[in-house]
Amino acid sequence: MPALPPGQWPAARQRFGLPEFHRVRPEVPARPVVTVTGVVRRPVQLELAELLGGPGREQISDLHCVTTWSALSLRWGGVPFREVHEVLRRRVEPHPKCRWVVFAGLDGFRSCLALDDALAADVLLADSLAGQPLDADAGAPLRLVAPAHYGYKSVRHVCAIEYVTSYDGGSAGWKAHRRGRVELEERSALLRGRIWRPLFRRFVPVGTSAATGD
Ligand SMILES: Nc1nc2c(c(=O)[nH]1)N[C@H]1C(S)=C(S)[C@@H](COP(=O)(O)O)O[C@H]1N2
Ligand SMILES: [Mo]
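Anyway, here's the lowdown on the structure attached to this text. (Residues numbered from 1 in each chain as written. Chains lettered and ligands numbered in written order. Predicted model: local features only at pLDDT ≥ 70, side-chain atom pairs only at ≥ 80, totals over all residues. Heavy atoms only, no water.)

1. A closer look at the pairing of strand 3 (residues 44-47)
Here is step 1: Residues of strand 3 alternate between two faces, with Val44 and Leu46 buried on one and Gln45 and Glu47 left unburied on the opposite face.
Here is step 2: Looking at chain direction, strand 2 (residues 33-38) and strand 3 are connected through four bridges and run antiparallel. Bridging from a neighbouring strand, Val34 pairs with Leu46 of strand 3.
Here is step 3: Hairpin connection, strand 2 to strand 3: the antiparallel pair is bridged by five residues. (Buried < 20%, exposed > 50% of the residue type's maximum accessible area, 1.4 Å probe, protein only. Helix = DSSP H or I, 4+ residues; strand = E, 2+ residues; numbered from the N terminus. Pairing = 2+ DSSP bridges.)

Here is the structure:
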């Protein structure tokens, strides 16, 4: 098995996030929609089938939480964001100066990715996990999966996509990093990544296996 990224240890996937969000189990509308907005010519609201535009594909990837646990080999099903973006580019026409994209969840959580990062081949808009439609814990009805970035970029319960011209700190604010690349240990904008390891680890709930690892 390939080595884990720096400072991470293996754990079971768990519902996780900032305390003010992770306890919220947002109600999923019977016909969920995603609003596509921001600095665009024609904002739209699309039902999931319309947004995803097809059956999609499966991908096995790891989820790396900034607090140092990593859930390995998760089988997500969905459509690469780059394919969705290709359609949206023509449909909503984001301004050419949009270099960032914000994903927002039904619980109010927001996170911003560099558009180039979101267009990587392994970034999915996922609607299934392990062959099952996403349940409330996994981020129903739709979530982002950005495996090369810390988990706080992988927004659950996606209900809005906003194209923006500058970085938006989102819900994690100063605690987050603009890029959040796992290999470079970009845990936070402030201080080097490895300095955060013991601090962030204290946020992992007691009883999580291997919480005392390394
Ligand atoms: N909507 C929403 N998405 C979210 C969060 C959140 O609180 N709300 N937390 C993020 C964080 S910090 C992590 S590590 C991952 C965890 O994904 P999981 O709950 O599927 O394990 O979800 C991310 N996406
Ligand atoms: Mo996280």
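2. What about the pattern of salt bridges?
Here is step 1: Here the structure, examined in full by the defined rule, presents 14 salt bridges.
Here is step 2: Arg91 is the salt-bridge partner of Glu50, the closest N and O atoms lying 3.3 Å from each other. With Glu50 in helix 2 (residues 48-52) and Arg91 in helix 3 (residues 81-91), the pair connects residues that are 41 residues apart, well separated along the chain.
Here is step 3: According to the relative accessible area criterion, Glu50 is partly exposed, its value standing at 46%. (Salt bridge = Lys/Arg side-chain N within 4 Å of Asp/Glu carboxyl O.)

3. Brief notes about the nonpolar core
Here is step 1: Counting residues in hydrophobic clusters, the biggest one holds 55 residues, and the most contacted among them are Leu51, Phe81, Val101, Phe103, Leu125, Ile161 and Tyr163.
Here is step 2: In terms of residue count, the dominant contributor to this core is strand 5 (residues 69-80) (five residues).
Here is step 3: Setting aside residues up to four positions removed in sequence, Phe81 forms contacts with Val101, Phe103, Leu115, Ala118, Leu119, Val123, Leu124, Leu125, Ile161 and Tyr163.
Here is step 4: The next biggest cluster of nonpolar side chains, apart from the first, holds five residues, and it includes Trp100, Val102, Cys112 and Ala114. (Core = buried A, V, L, I, M, F, W, Y, C linked by side-chain atoms within 4.5 Å. Contact = heavy atoms within 4.5 Å.)

4. Here we look at the site of ligand 1
Here is step 1: Taken together, 18 residues surround ligand 1, and among them Arg13, Gln14, Asp107, Arg143 and Arg156 come closest.
Here is step 2: Here a nitrogen atom of ligand 1 and a backbone polar atom of Ser154 are 2.9 Å apart.
Here is step 3: Within the contact set of ligand 1, an oxygen atom lies 2.4 Å away from a side-chain nitrogen or oxygen of Arg156.
Here is step 4: About the coverage of ligand 1: the protein hides 98% of its 530 Å² of free accessible area.
Here is step 5: A molecule is said to occupy a pocket when more than half its atoms come within 2 Å of that pocket's grid points, and by this definition ligand 1 occupies the largest pocket.
Here is step 6: Residue composition of the shell around ligand 1, grouped by class: eight nonpolar, five polar and five charged. (Near = heavy atom within 4 Å. Polar contact = N/O pair within 3.5 Å; in protein donor to acceptor, adjacent residues only side chain to side chain. Areas by Shrake-Rupley, 256 points an atom, 1.4 Å probe, with all protein chains shown as cover. 1 Å grid on protein atoms, 1.4 Å probe; cavity = no way out; pocket = protein on both sides within 12 Å on 5 of 7 lines; lining within 4 Å. Sits in = over half its atoms within 2 Å of the grid points. Nonpolar A, V, L, I, M, F, W, Y, C, P; charged D, E, K, R; others polar.)

5. Notes on a nonpolar patch on the surface
Here is step 1: On the surface, a cluster of nonpolar side chains totalling about 510 Å² of accessible area is made up of Trp174, Leu190, Leu191, Ile195 and Leu199.
Here is step 2: A residue is classified by how much of its surface remains accessible, and Leu191, at 53% relative accessible area, is exposed. (Patch = residues over 30% accessible without salt bridge, like charges linked within 9 Å, V, L, I, M, F, W, Y side chains within 5 Å.)

6. Let's talk about the environment of His149
Here is step 1: In this structure, His149 sits in the loop between strand 10 (143-145) and strand 11 (158-164).
Here is step 2: Taking relative accessible area as the criterion, His149 reaches 5% and is therefore assigned buried.
Here is step 3: Residues His149 and Asp168, 19 residues apart in the sequence, show an inter-C-alpha distance of 16 Å.
Here is step 4: When sequence neighbours within four positions are dropped, the list of residues in contact with His149 reads His64, Asp117, Arg179, Gly180, Arg181 and Val182.

7. A word on the environment of Gly17
Here is step 1: Structurally, Gly17 can be placed in the loop between strand 1 (9-11) and helix 1 (19-22).
Here is step 2: According to the relative accessible area criterion, Gly17 is partly exposed, its value standing at 30%.
Here is step 3: For Gly17 and Tyr152, which are 135 residues apart along the polypeptide, the C-alpha to C-alpha distance reads 7.3 Å.

8. Observations regarding the packing of aromatic side chains
Here is step 1: This model, assessed by the stated rule, comprises six aromatic pairs.
Here is step 2: On the numbers, 6.3 Å between centres and 40° between planes, the contact of Trp174 with Trp196 is tilted. Taken as a pair, Trp174 in the loop between strand 11 and helix 5 (193-201) and Trp196 in helix 5 lie far apart in primary sequence, 22 residues in all.
Here is step 3: The exposure class of Trp174 is exposed, given its relative accessible area of 52%.
Here is step 4: Judged by relative accessible area, Trp196 falls into the buried class, the value being 11%.
Here is step 5: Ring plane angle 20° and centroid distance 4.9 Å describe the contact between Trp196 and Phe200, whose orientation is recorded as stacked. On the criterion of helical spacing, the pair formed by Trp196 and Phe200 is a turn pair, its members being four residues apart in helix 5.
Here is step 6: Aromatic ring contacts, followed pair by pair, group Trp174, Trp196 and Phe200 into a single cluster. (Phe/Tyr/Trp six-rings, centres within 6.5 Å; stacked < 30°, edge-to-face > 60°.)

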